[in-house]
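This is what each chain is made of:
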Amino acid sequence: MKEQKKISVVINTYNAEPFLAQVLEAVKDFDETVVCDMESTDNTVEIAKSHGCRVVTFPKGEHRIVEPARDFAIHQASNDWVLVIDADEIVTPQLRERLYREIEQPDCPDGFFISRHNILMGKFTVRKGRDYILRFFRQSITSWPPTIHSIPEVKGHVATLPVDFELLHLADETMREWVDKMNAYTDNEIEKKSHRHYGVWSLFWRPFWRFFRSYLLRGGFREGRRGLLQATQWAVYQQILVAKMMEKKLREEP
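Residues numbered from 1 in each chain as written. Predicted model: local features only at pLDDT ≥ 70, side-chain atom pairs only at ≥ 80, totals over all residues. Heavy atoms only, no water.

Moving on to the overall build of the protein. The number of helices and strands found in the protein is seven helices and 12 strands. Whereas a compact globule of 254 residues would reach a radius of gyration of roughly 18 Å, the protein reaches 20 Å, a difference of no more than 12%. Counting over 254 residues, the protein shows a buried share of 46%. In the protein, of all internal contacts separated by at least 6 residues, the share reaching a separation of at least 24 is 73%. Surface summary for the protein: the accessible area is close to 13,900 Å², and the carbon and sulfur share equals 54%. Treating the 36 positive side-chain charges of the protein as one cloud and the 37 negative ones as another, the clouds have centres 6 Å apart. (Helix = DSSP H or I, 4+ residues; strand = E, 2+ residues; numbered from the N terminus. Rg over C-alpha atoms; globule rule 2.2 N^0.38 Å. Buried < 20%, exposed > 50% of the residue type's maximum accessible area, 1.4 Å probe, protein only. Contact = heavy atoms within 4.5 Å. Areas by Shrake-Rupley, 256 points an atom, 1.4 Å probe, with all protein chains shown as cover. Lys, Arg positive; Asp, Glu negative; His and termini not counted. Charge placed at Lys NZ, Arg CZ, Asp CG, Glu CD.)

Given below as structure tokens:
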């Protein structure tokens, strides 16, 4: 009898206590769960060990983003097929079953984008299929760049799973938490986009375009006031990013 292919679940953590037990319960039927912890100071590691996970450590040091630990984490898995999830994402039974079916197919792709269903200000969004992430792939042909908001680089064919086979994203950031992250993320993006030149027009155009895309093109209006606020958040993010980049250039002038 042909041996069934195996899947490792990989989770990067740092002070991930709030949802971790629920997340680990949802992946207990996979072949392996690896938790890559960045020196948490809460009960993250204890929770992971109590659920039978294999725990590895990536030194946090001065890192303020998770991406530098991603590549290290996926290559700690014992199996070639790896599903990467965050410590606030639930794998549905339907998704787990679909992943195992896919890898048994003779023409199976080397990686898959998976839909993520998000919570927006207290409720799951009306819209599905608006947030796809590349999180399932063969470890042996994949690397993860250590830059903010990077996605894994799979040297092979990548496909997209149907929208109903999804991850449930439990994070529900308050506006205050969003502002804190916005500062951290825009600081990191400055380095990533340091080669670009943003003129004064970008202060207006980029926020407008991001609002227009979020609220109209991507159907944010269907979420009512929640969608309006989210589109505004994205517009502010772009304005802050451009302003910081312009400030950096001005300070570097003789």
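The discussion continues.
Moving on to the pattern of salt bridges. This model, assessed by the stated rule, comprises 15 salt bridges. The closest approach of N and O atoms between E25 and K28, which form a salt bridge, is 2.7 Å. Salt bridges sharing common partners tie together R70, D86, E89, R116, D131 and R135. (Salt bridge = Lys/Arg side-chain N within 4 Å of Asp/Glu carboxyl O.)

Running from N to C, helix 5 (residues 175–192) and helix 7 (residues 225–252) point in directions that differ by 40 degrees, and their axes come no closer than 10 Å. Crossing of helix 5 over helix 7 shows right-handed handedness. Residues M175, W178, M182, N183, Y185, T186, D187, E189 and I190 of helix 5 pack against Q233, W234, V236, Y237, I240, L241, K244, M245 and K248 of helix 7. Here the residues of the contact of helix 5 with helix 7 sort into 11 nonpolar, three polar and four charged. (Axes fitted to C-alpha atoms, helices over the stretch in contact; angles between N-to-C directions. Left-handed = near helix turned anticlockwise from the far one by under 90°. Nonpolar A, V, L, I, M, F, W, Y, C, P; charged D, E, K, R; others polar.)

As a further point, take the packing of aromatic side chains. Applying the stated criterion across every chain yields a total of 14 aromatic pairs. Ring pairing ties together the aromatic residues W205, F208, W209 and F212, which thus form one cluster. It is R70 that lies over the ring of W144; its NZ or CZ is 5.0 Å from the centre. (Phe/Tyr/Trp six-rings, centres within 6.5 Å; stacked < 30°, edge-to-face > 60°. Lys NZ or Arg CZ within 6 Å of the ring centre and 35° of its normal.)

So, on to the environment of T142. Relative to the assigned elements, T142 resides in strand 9 (residues 142–143). Looking at T142, the relative accessible area reads 5%, which means it is buried. Separated by 68 residues in the primary sequence, T142 and I74 have C-alpha atoms spaced 8.8 Å apart. Aside from chain neighbours lying at most four places away, what touches T142 is D71, I74, H75, F137, P152, E153 and V154.

Keep in mind that these numbers describe shape and distance, not what the molecule does.
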